[in-house]
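# Coordinate analysis (summary)
As a plain string of letters, each chain reads:
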Amino acid sequence: MNAPTSLPGGAHAPRPVSRLREDALRELPQLRARHADAFRRVTRNGVLGLMLTVVLLTIFIYGFAALGFSFAKMLAGLDQLGTFVVLMWPPTPGTMSRFLLFIHALGETVAIAALGTVLAACIALPFGFLAAKNVVANRIVHFLSRRMLDTVRGVDTLIWALLWVNVVGLGPFAGVLAIMCSDTGALGKLFSEAIETASRRPVEGVMSAGGSRLAAVRFGILPQVLPVFASQVLYFFESNTRSATIIGIVGAGGIGLHLSEQIRTLEWQHVAFLVILILATVAVIDTLSTRLRSAIIGARPTAV
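Bear in mind the structure is a predicted one, so any value in this text is a computation, not a measurement.

Calculation rules
Residues numbered from 1 in each chain as written. Predicted model: local features only at pLDDT ≥ 70, side-chain atom pairs only at ≥ 80, totals over all residues. Heavy atoms only, no water. Axes fitted to C-alpha atoms, helices over the stretch in contact; angles between N-to-C directions. Helix = DSSP H or I, 4+ residues; strand = E, 2+ residues; numbered from the N terminus. Parallel < 35°, antiparallel > 145°, perpendicular 65-115°, else oblique. Left-handed = near helix turned anticlockwise from the far one by under 90°. Core = buried A, V, L, I, M, F, W, Y, C linked by side-chain atoms within 4.5 Å. Buried < 20%, exposed > 50% of the residue type's maximum accessible area, 1.4 Å probe, protein only. Contact = heavy atoms within 4.5 Å. Phe/Tyr/Trp six-rings, centres within 6.5 Å; stacked < 30°, edge-to-face > 60°. Salt bridge = Lys/Arg side-chain N within 4 Å of Asp/Glu carboxyl O. Expected span 1.5 Å × (residues − 1). Arc of directions from axis to C-beta. Patch = residues over 30% accessible without salt bridge, like charges linked within 9 Å, V, L, I, M, F, W, Y side chains within 5 Å. Areas by Shrake-Rupley, 256 points an atom, 1.4 Å probe, with all protein chains shown as cover.

## Some details on the packing of helix H5 (residues 96-130) against helix H8 (residues 172-196)
Here H5 crosses H8 at 40 degrees, and the two axes come no closer than 6 Å. The pairing of H5 with H8 is recorded here as oblique in orientation. Judged by the sense of rotation from one axis to the other, the crossing of H5 with H8 is right-handed.

Here it is, written out as structure tokens:
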């Protein structure tokens, strides 16, 4: 169906659809010559994408075979899993003294996560500014700061826990140091990226008013990134509550040590009680952390 050829009031009438189709067909050879890659059925990017897909699929299949992954073993183990679930019921701490011991260990786990996260944030803050390109123009300082953060971040929390347990001995102090070292690299990287995305206008305003470079960072960049920093620290605290449980298994204090002991002695009802206690604590911290982050960044928390 063709478009109308005239409009009321003397307006310019659009061309018919058939005329538009003829113009498009006439310009098609020029478009093909100008954008040859777009009209080519087999492109270089398409071949590279196909090769990458084949390589990744090959690695995936080889990993299944090399690691002995078996659906048959999984299905056969469901019966054993059901047995463990039956043995875990009902969850109970056993005695009141053990219940108080578990609660104390849980508080120790939360304290390890909180102190380790705060120490990591304090150490990561100056390194975040040193690693930001818009704050430090010296390439050597910037490169060394980035590589140091990458090196620290590349070592897992559990490895740090094993190292510090051998250095300072068993106990929560090793757990605090492990979380501090692990999170320093990650928070430093996140802090530097947040600083680099900060607007330049407040900095230019402070400099134009006669402020020093330090004043420009203090009054131009820091107010922009502080809410982001606080939100990231709260998220890491929430995550470190779970990490503190895991590192407790290797002797870094907290409730993880008791969880490992109860599993080793086959006290499955105590294990179930500890797992429920950990899940409830993580859920409460997650809810509070979400609301605090939402309040800090100005977003409205969603209903749970």
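## Let's talk about the nonpolar core
In terms of nonpolar packing, the biggest core is built from 23 residues, with Phe-129, Val-135, Leu-187, Ile-195, Ile-221, Val-225 and Phe-229 touching the most fellow members. Elements with a contribution of two residues or more to this core: H5, H8, helix H9 (201-208) and helix H10 (213-248). Non-local contacts of Leu-187, meaning those with residues more than four positions away in its chain, are made with Thr-117, Ala-120, Ala-121, Ala-124, Gln-232 and Phe-236. In terms of nonpolar packing, the next biggest core, distinct from the first, is built from 18 residues, Ile-112, Trp-160, Val-176 and Ile-179 among them.

## Quick look at the packing of aromatic side chains
Applying the stated criterion across every chain, the model contains five aromatic pairs. Measuring from ring centre to ring centre gives 6.2 Å for Tyr-235 and Phe-236, while their planes differ by 85 degrees; the resulting arrangement is edge-to-face. Ring pairing ties together the aromatic residues Phe-99, Phe-102 and Phe-273, which thus form one cluster.

## Details of unusual backbone geometry
Working note: non-glycine residues mostly have negative phi, and peptide bonds are mostly trans. In this chain, Trp-89 is followed by Pro-90 through a cis amide linkage whose omega measures -5 degrees. Considering the arrangement of structural elements, one finds Pro-90 in the loop between helix H4 (71-87) and H5.

## Thoughts on the pattern of salt bridges
A full pass over the atoms with the stated rule returns five salt bridges. Members of the salt-bridge network, linked through shared partners, are Arg-147, Asp-150 and Arg-153.

## Considering helix H7 (residues 157-168)
For H7, with 12 residues, the first-to-last C-alpha span of 16 Å sits near the 16 Å given by 1.5 Å per residue. For H7, the full list of buried residues reads Thr-157, Trp-160, Ala-161 and Val-165. One side of H7 holds all its buried residues, which, seen down the axis, span an arc of 135 degrees. Facing away from the buried side of H7, by more than 90 degrees, are the exposed residues Asn-166 and Val-167.

## Considering a nonpolar patch on the surface
Taken together, the side chains of Leu-57, Phe-60, Ile-61, Phe-64, Phe-69, Phe-71 and Met-74 present a nonpolar region at the surface, about 730 Å² in accessible area. Those elements giving two or more residues to the nonpolar patch turn out to be helix H3 (44-66) and H4. In terms of residue count, H3 provides more of the nonpolar patch than any other element does, four residues in total. Along the chain, the position of Phe-69 falls in the loop between H3 and H4.

## Considerations on the environment of Ala-295
Its location among the elements puts Ala-295 in helix H12 (residues 268-297). In this structure the C-alpha to C-alpha distance between Ala-295 and Pro-227, which are 68 residues apart in sequence, comes to 9.5 Å.

## Details of the side chain of Thr-281
Within the secondary structure layout, Thr-281 lies in helix H12. Its relative accessible area of 14% is what places Thr-281 among the buried residues. Thr-281 has contacts with Leu-106 and Val-110, leaving out every residue within four places of it along the chain.

## With respect to the packing of H8 against H10
Where H8 contacts H10, the two axes come as close as 10 Å, and the packing angle between them is 150 degrees. By the criterion of interaxial angle, the relationship of H8 to H10 is roughly antiparallel. Seen along the crossing, H8 lies across H10 with a hand that is right-handed. Residues Gly-175, Ile-179, Asp-183, Ala-186, Leu-187, Leu-190, Phe-191, Ala-194 and Ile-195 of H8 form the contact with H10, whose own contacting residues are Ile-221, Val-225, Val-228, Phe-229, Gln-232, Val-233, Phe-236, Asn-240, Ala-244 and Ile-247.

## Overview of helix H6 (residues 139-153)
Along an α-helix, residues three or four apart share an orientation, since each turn contains 3.6 residues. Helix length check: H6, at 15 residues, gives a terminal C-alpha distance of 21 Å against a target of 21 Å (1.5 Å per residue), a fit within 8%. Considered for burial, the residues of H6 that qualify are His-142, Ser-145, Arg-146, Leu-149 and Val-152. One face of H6 carries all of its buried residues, which in axial projection span an arc of 135 degrees. The exposed set on the far side of H6, more than 90 degrees from its buried face, consists of Arg-139, Ile-140, Leu-144 and Thr-151. Tucked inside the fold, the buried residues of H6 contact H5, H7 and H8.

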